[in-house]
Amino acid sequence: ILTDGRATVGWRVPRRGVRREGWGSQAGLYICTFVGIWSVASHGSNYTKVADKMKLSPWEPDLRTIVERIDEGDIDLQPDFQRQEIWPPNKKKRLIDTILRGWSIPPVFLVVTKDGKMDVLDGQQRLAAIRDFFQNNFSVDGGITPHDDKVKSLHGWSYKRLDPADKRMLDQYTMRCFKITDYLP
């Protein structure tokens, strides 16, 4: 979403926002903050505000809603700027373990497109892991430390094998998301 018309080389997250560097030494550098997008001069000391309409809106859907929105195509896990899904099974299992324990996970950032759909800006691997578990592509690992008796009792179970109470707990687990709107592409 931050662009100067050149190809993206990489993303870095400093303390104050998201920086994007363009292709080559002539590319502009942008800092995205919660109060606008700032262009930084090549020597890095002058800041020029280039957009202040971008909005971040909190959204806390439950996991069932997220998976349904992914399945319906309302949430795109693979927009053009996203890398492929790369989490190995053990990392996916750790995420599900975290959710089963009721612990919080980092928020997801979604860019709302002109047609009202959402492109995943940050959180693709987490959302893909959740989708894959709900689609029974892997099972719970009850041996993750620190040991938890409840999670241990679910070892080897896929989503479809969970009892209704455990499914309901997963379905109703809320995830913090931020919708990004009114940005300059």
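Data block above holds the structure.
Residues numbered from 1 in each chain as written. Predicted model: local features only at pLDDT ≥ 70, side-chain atom pairs only at ≥ 80, totals over all residues. Heavy atoms only, no water.

Regarding the overall build of the chain
Okay, step 1: For the chain, the helix and strand inventory stands at five helices and ten strands.
Okay, step 2: Counting only contacts in the chain whose residues sit at least 6 apart along the sequence, the fraction spanning at least 24 positions is 56%.
Okay, step 3: About 10800 Å² of surface is accessible on the chain, with carbon and sulfur atoms providing 50% of the total. (Helix = DSSP H or I, 4+ residues; strand = E, 2+ residues; numbered from the N terminus. Contact = heavy atoms within 4.5 Å. Areas by Shrake-Rupley, 256 points an atom, 1.4 Å probe, with all protein chains shown as cover.)

Section: the packing of helix 2 (residues 89-100) against helix 3 (residues 124-134)
Okay, step 1: Running from N to C, helix 2 and helix 3 cross one another at 80°; their axes reach a closest spacing of 9 Å. Classed by the angle they form, the pair helix 2 and helix 3 counts as roughly perpendicular. The residues of helix 3 that touch helix 2, namely those facing Lys92, Leu95, Ile96 and Ile99, are Arg126, Ala129, Ile130, Asp132 and Phe133.
Okay, step 2: Residues of the contact of helix 2 with helix 3, tallied by class, amount to six nonpolar, no polar and three charged. (Axes fitted to C-alpha atoms, helices over the stretch in contact; angles between N-to-C directions. Parallel < 35°, antiparallel > 145°, perpendicular 65-115°, else oblique. Nonpolar A, V, L, I, M, F, W, Y, C, P; charged D, E, K, R; others polar.)

A few points about the nonpolar core
Okay, step 1: Counting residues in each nonpolar core, the largest one holds 32 residues, and the members touching the most others are Ile75, Ile99, Leu127, Phe133 and Met175.
Okay, step 2: Broken down by secondary-structure element, the contributors of at least two residues to this core are helix 1 (63-71), helix 2, strand 8 (108-112), strand 9 (118-122) and helix 3.
Okay, step 3: Sorting elements by how many residues they give to this core places helix 3 first, with six residues.
Okay, step 4: If near-sequence neighbours (up to four positions away) are discounted, Met175 is found in contact with Trp59, Glu60, Pro61, Leu63, Ile66, Ile105, Val108, Leu127 and Ile130.
Okay, step 5: Core analysis: the next-biggest nonpolar cluster, separate from the first, contains five residues, Met54, Phe109, Phe178 and Ile180 among them. (Core = buried A, V, L, I, M, F, W, Y, C linked by side-chain atoms within 4.5 Å. Buried < 20%, exposed > 50% of the residue type's maximum accessible area, 1.4 Å probe, protein only.)

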